[in-house]
Amino acid sequence: MRPGAAASRSLGGSRAAGEERALTSVTAGDMYEAEEPQPQPQDLPRLWHVTLSVSGGEAPLKEVRRGLEQLAHDHPFLLTSRYANDHAEIRYWEEARDLHDAAAVALRLWGEHRQTAKLPPWEIVGLEVIDRETYHQRIAEGYGPLPATPVGVHPF
């Protein structure tokens with residue numbers, strides 16, 4: 001058997017006897033320019049309505065309000081916050097690929113902004129993440145959270 005003949009057969013080649021396989025050289029550093037894969041619908045970002053509930057020891061109402069106002073300034077997508085001296089609820093829209101990503105961001109929100117916004121050392125006690133379609137369906141059917149109006153930071 002001549003050199004290269006086995007390689008032709010192993011690659012599924014159907015070359016005639018004596019026909020050599022042509023090799024193409026590639027310059028070092030060249031990249032294969034494949035067509036960019038198109039994003040699939042499940043990979044595109046979607047809007048998710050997030051309701052985050054936090055609770056803990058009592059804190060002065062003025063400090064809670066100021067901290068939530070700072071959080072709204074730091075996190076501009078915040079729609080509304082309601083608060084009392086021992087708990088708060090934050091509602092906002094999050095853009096994410098899927099529910100897991102939106103929930104992961106929501107679960108980090110309070111802890112990551114606690115120092116900078118001087119939020120109380122409360123823990124997350126509730127989380128609801130629903131897609132935009134479900135949110136609007138609930139509103140249309142008359143159940144579920146009322147639209148976040150007025151936007152801003154308000155006492156319960």
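So, a few notes on the structure that sits alongside this text. Nothing here was measured: the structure is a model prediction, and the numbers come from that model. (Residues numbered from 1 in each chain as written. Predicted model: local features only at pLDDT ≥ 70, side-chain atom pairs only at ≥ 80, totals over all residues. Heavy atoms only, no water.)

Describing the overall build of the protein chain
A count of helical and extended segments in the protein chain gives four helices and five strands. Secondary structure elements in the protein chain, listed N-terminal to C-terminal, are α-β-α-β-β-α-β-α-β. By residue count, 29% of the 156 residues in the protein chain fall in the buried class. Taking the contacts inside the protein chain whose residues are at least 6 apart along the sequence as the reference set, 69% of them involve residues at least 24 apart. Looking at the protein chain as shown, the accessible area adds up to about 10800 Å², and 54% of this sits on carbon and sulfur atoms. (Helix = DSSP H or I, 4+ residues; strand = E, 2+ residues; numbered from the N terminus. Buried < 20%, exposed > 50% of the residue type's maximum accessible area, 1.4 Å probe, protein only. Contact = heavy atoms within 4.5 Å. Areas by Shrake-Rupley, 256 points an atom, 1.4 Å probe, with all protein chains shown as cover.)

Topic: the packing of helix α2 (residues 61-74) against helix α3 (residues 99-117)
For any two helices packed against each other, one specifies the crossing angle of their axes together with the interaxial distance. Contact pair α2 / α3: the axes reach a minimum separation of 10 Å and the direction vectors enclose 110 degrees. If you check the angle between α2 and α3, you find them roughly perpendicular. Note that α2 runs across α3; the crossing there is right-handed. The residues of α3 that touch α2, namely those facing R66, G67, L68, Q70, L71 and D74, are L109, W110, H113, T116 and A117. Here the residues of the contact of α2 with α3 sort into five nonpolar, four polar and two charged. (Axes fitted to C-alpha atoms, helices over the stretch in contact; angles between N-to-C directions. Parallel < 35°, antiparallel > 145°, perpendicular 65-115°, else oblique. Left-handed = near helix turned anticlockwise from the far one by under 90°. Nonpolar A, V, L, I, M, F, W, Y, C, P; charged D, E, K, R; others polar.)

Some points on the sheet that holds strand β3 (residues 87-96)
Across the sheet, which stays open at both edges, the five strands sit in the order β4-β1-β3-β2-β5 with mixed pairing between neighbours. Strand pairing shows two members of the sheet lacking a second neighbour, β4 (123-131) and β5 (152-155), which therefore form its edges. For this sheet the average axis-to-axis angle between neighbouring strands, irrespective of direction, equals 15 degrees. Pairing analysis gives four bridges linking strand β2 (residues 78-83) to β5, with the strands arranged parallel. Of the residues in β5, the one forming a bridge with R82 is H154. Helix-sheet contacts for α3 involve β1 (46-55), β3 and β4, and the interaxial angle to β4 is about 150 degrees. Sheet contacts for helix α4 (residues 132-141): β1, β3 and β4; angle to β4, the most-contacted strand, approximately 90 degrees. (Pairing = 2+ DSSP bridges.)

What about α3?
Side chains of residues three or four places apart in an α-helix project in the same direction, reflecting 3.6 residues per turn. Between the first and last C-alpha of α3 there are 26 Å, a value that for 19 residues agrees with the 27 Å anticipated at 1.5 Å per step. The largest bend along α3 measures about 35 degrees and falls at R108. Within α3 the residues assigned to the buried category are A102, A103, A106, L109, W110, H113 and A117. Of the surrounding secondary structure, the elements contacted by the buried residues of α3 are β1, α2, β3 and β4. Taking the backbone nitrogen of H100 as reference, a side-chain oxygen 3.2 Å away marks D98 as the first, capping residue of α3. Note on α3: the residue one or two positions beyond its end, K118, has a positive phi of about 55 degrees. (Expected span 1.5 Å × (residues − 1). Bend = angle between axes of the 7 residues up to and from the residue. Polar contact = N/O pair within 3.5 Å; in protein donor to acceptor, adjacent residues only side chain to side chain.)

These results come straight from atomic positions and should not be treated as a statement about function.
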